[in-house]
Amino acid sequence: MKEIVFTVKKDIDVPVELDSLLPVKLQEMSAEEIKKIELPQGNKKISVEELFNLNIEENDAIITPKVTINGSSMKLKRIGEKMEGGEIVVNGDAGMYVGAEMKSGKVTVNGNAECWVAQNLKGGEVIINGDAKDYVGSAYRGDWRGMSGGKITINGNVGTEIGEYMKKGLIIVNGNCKIMPGVHQNGGIIMINGEVEGRAGGEMLKGAIVINGPLKSKLPSFEYEGIVEDPVIKLTKKDEGTPVKGTYYKYIGDFVNNKPKGQLYLSVEHNDLTC
C-alpha cells in the first residue's frame, strides 16, 4: 500500500477544505494527478502542489490506504469528511469538521481540534490526542438525527453540547467537559472521565452517560434509582451490554420527556446525592 504524505509548506491565512484528500481515492492516483487537485480556499481554489510538499512511499507494512498530514493547523478544515476507509494521521491541529459524516476508517489528530469533530459520524474511529472544542459527535444545527455509529475518543478536554441527538456509537472523553453533554441524546454511550460543568443529558430520551469525575450540578428532572457496582449498560433488549467498572449513583431521565429511558451514572467517589 502507499503512504501519501502531505507537508504544509507555507502559512495559511484563509482556511482550506481537504475533504477531497481521502486515502482510498488517492491510492489509485499518480503523484502528478494528486498535485493538480484543487482545494476550496474561501471563494478561490488552491492546488495541492501550491499548498503541500508531496511524498508517496510504497510500504508493505501498511495494510490500509494511508494519508499523513504534517504541519497541520486549524486552518485545514474537513479532514476525512465522508471518508469510507483507510487511515488519516494529522500531525498538528485540525480545523472544523474533521471526520464529519465518516462511514469507516480511522482518523488520528496529534494535536487539538476545532468545533464539530466527527459531526453526524456513521462509523469508523476518530481520535483527538489534544483538546476539542464544541459539538463533538453532534448533529447539524436544525437536524435531529445525530451520530449513528462509530467511536470518538478525545484525550483532552471538550467544549459544550457533545453528542447532541446521538443515536448510536461511543464517545469517550478523558479530560473535562463543559455544559450539556448528551443534550437530546437518543441512544449510544457517552463516557466522561473528567469534570462536567453541568446539564448532563438535558432532554435525553435514550442512551447512557457515564461520568467518572464530578458533575457540578445535576438536572432536577432525573430520578434516582440507586447505587450500582460494575454496571453492564444495556440500551436495547437485544443489547449484550457494555460493562463499566466502578460504583455509581444511577439516575433515569430526562423526565421533561414522556417515559424517558436515558441512563445517567455518576461516580460515587466524586459525587454526592445532593449535587
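These figures come from a predicted structure and were not determined experimentally.

S.K.: Could you give me a rundown of the overall build of the protein, with the residues and numbers involved?
M.R.: Within the protein, the secondary structure is distributed over three helices and 19 strands. Its C-alpha radius of gyration of 20 Å places the protein within 12% of the 19 Å reference for a compact globule of 275 residues. Its C-alpha atoms put the protein at 65 × 35 × 30 Å along the principal axes. Here the protein holds 275 residues, and the buried ones make up 53% of them. Restricting the contact set of the protein to residue pairs at least 6 apart, pairs at least 24 apart contribute 39%. Total accessible area on the protein stands at roughly 12,600 Å², and carbon and sulfur atoms take up 46% of it. Here the protein contributes 34 positively and 38 negatively charged side chains, and the mean placements of these two sets differ by 5 Å.

S.K.: Could you give an account of the side chain of serine 72, naming the residues involved and the relevant values?
M.R.: Here serine 72 is to be found in strand S6 (residues 66–72). In this structure the side chain of serine 72 is engaged in a polar contact, spanning 2.6 Å, whose partner is the backbone oxygen of aspartate 93.

S.K.: Go over the nonpolar core, please, and point to the residues and values.
M.R.: Counting 60 residues, the largest nonpolar core has Phe6, Leu39, Phe52, Leu76 and Val117 as its most contacted members. With three residues, strand S1 (residues 2–8) is the largest single contributor of residues to this core. Here leucine 76 is in contact with Val8, Ile12, Val16, Leu18, Leu51, Phe52, Ile69, Ala94 and Gly95, once residues within four sequence places are set aside. In terms of nonpolar packing, the next biggest core, distinct from the first, is built from eight residues, Met191, Ala208, Ile233 and Val244 among them.

S.K.: Now, about unusual backbone geometry: what can you tell me, with residues and values included?
M.R.: Going from glycine 253 to aspartate 254, the amide bond is cis rather than trans, its omega being 0 degrees. Counting through the fold element by element, aspartate 254 comes out in the loop between strand S18 (247–253) and strand S19 (262–267). A positive phi angle, close to 60 degrees, is found at histidine 184, a residue other than glycine. You can see histidine 184 is positioned in the loop between strand S12 (168–173) and strand S13 (186–192). Taking relative accessible area as the criterion, histidine 184 reaches 23% and is therefore assigned partly exposed. Unusually for a residue other than glycine, lysine 259 sits at a positive phi of about 50 degrees. Note that lysine 259 resides in the loop between S18 and S19. Given a relative accessible area of 70%, lysine 259 falls into the exposed group.

S.K.: So what's going on with the pairing of strand S9 (residues 104–110)? Which residues, and what values?
M.R.: Judged from the six bridges that link them, strand S8 (residues 84–92) and S9 form a sheet pairing that is parallel. Looking at S9, one finds that glutamate 87 is bridged to lysine 106.

S.K.: Any details on the side chain of glutamine 41? Residues and values, ideally.
M.R.: Topologically, glutamine 41 is positioned in strand S3 (residues 38–41). Take glutamine 41: its relative accessible area is 18%, and that puts it in the buried class. A distance of 3.0 Å separates the side chain of glutamine 41 from the backbone oxygen of valine 14, its partner in a polar contact. Excluding residues within four positions of it along the chain, glutamine 41 makes contact with Ile12, Val14, Pro15, Val16 and Ile46.

S.K.: So what's going on with the pairing of S13? Which residues, and what values?
M.R.: By the criterion of burial, S13 is predominantly enclosed, with six of the seven residues buried. Pairing between S13 and strand S14 (residues 206–211): five bridges, direction parallel. Within the sheet, the bridge partner assigned to isoleucine 189 lies in S14 and is alanine 208.

S.K.: Explain the packing of aromatic side chains residue by residue, including any values.
M.R.: Two numbers describe a pair of aromatic rings. These are the distance of the centres and the angle of the planes. According to the stated counting rule, one finds six aromatic pairs in the structure shown. Look at tyrosine 97 and tryptophan 116: their rings are 6.4 Å apart centre to centre, the planes differ by 10 degrees, and that puts the pair in the stacked class. Placement of tyrosine 97 in the loop between S8 and S9 and of tryptophan 116 in the loop between S9 and strand S10 (125–128) is noted, with a sequence separation of 19 residues between them. Each member of the pair, tyrosine 97 as well as tryptophan 116, is classed as buried. Measuring from centroid to centroid gives 6.1 Å for tyrosine 248 and tyrosine 265, while their planes differ by 85 degrees, and the two rings are edge-to-face. Residue tyrosine 248 is found in strand S18, and its partner tyrosine 265 is found in strand S19; the two are separated by 17 residues along the sequence.

S.K.: Tell me about the state of the cysteines, and name the residues and values.
M.R.: Applying the stated criterion across every chain, the model contains zero disulfides. Residue cysteine 115 stays outside any disulfide, its sulfur separated by 13 Å from that of cysteine 177, the closest cysteine. Under the relative-accessibility criterion, cysteine 115 is labelled buried at 13%.

S.K.: Explain a nonpolar patch on the surface residue by residue, including any values.
M.R.: Taken together, the side chains of Tyr224, Ile227 and Leu273 make up a nonpolar region of the molecular surface, amounting to roughly 300 Å² of accessible area. Locating leucine 273 in the fold gives a position in the segment after S19. Among the residues examined, leucine 273 registers a relative accessible area of 46% and is labelled partly exposed.

Conventions and cut-offs
- Residues numbered from 1 in each chain as written.
- Predicted model: local features only at pLDDT ≥ 70, side-chain atom pairs only at ≥ 80, totals over all residues.
- Heavy atoms only, no water.
- Helix = DSSP H or I, 4+ residues; strand = E, 2+ residues; numbered from the N terminus.
- Rg over C-alpha atoms; globule rule 2.2 N^0.38 Å.
- Buried < 20%, exposed > 50% of the residue type's maximum accessible area, 1.4 Å probe, protein only.
- Contact = heavy atoms within 4.5 Å.
- Areas by Shrake-Rupley, 256 points an atom, 1.4 Å probe, with all protein chains shown as cover.
- Lys, Arg positive; Asp, Glu negative; His and termini not counted.
- Charge placed at Lys NZ, Arg CZ, Asp CG, Glu CD.
- Polar contact = N/O pair within 3.5 Å; in protein donor to acceptor, adjacent residues only side chain to side chain.
- Core = buried A, V, L, I, M, F, W, Y, C linked by side-chain atoms within 4.5 Å.
- Pairing = 2+ DSSP bridges.
- Phe/Tyr/Trp six-rings, centres within 6.5 Å; stacked < 30°, edge-to-face > 60°.
- Disulfide = S-S within 2.5 Å.
- Patch = residues over 30% accessible without salt bridge, like charges linked within 9 Å, V, L, I, M, F, W, Y side chains within 5 Å.
- Salt bridge = Lys/Arg side-chain N within 4 Å of Asp/Glu carboxyl O.

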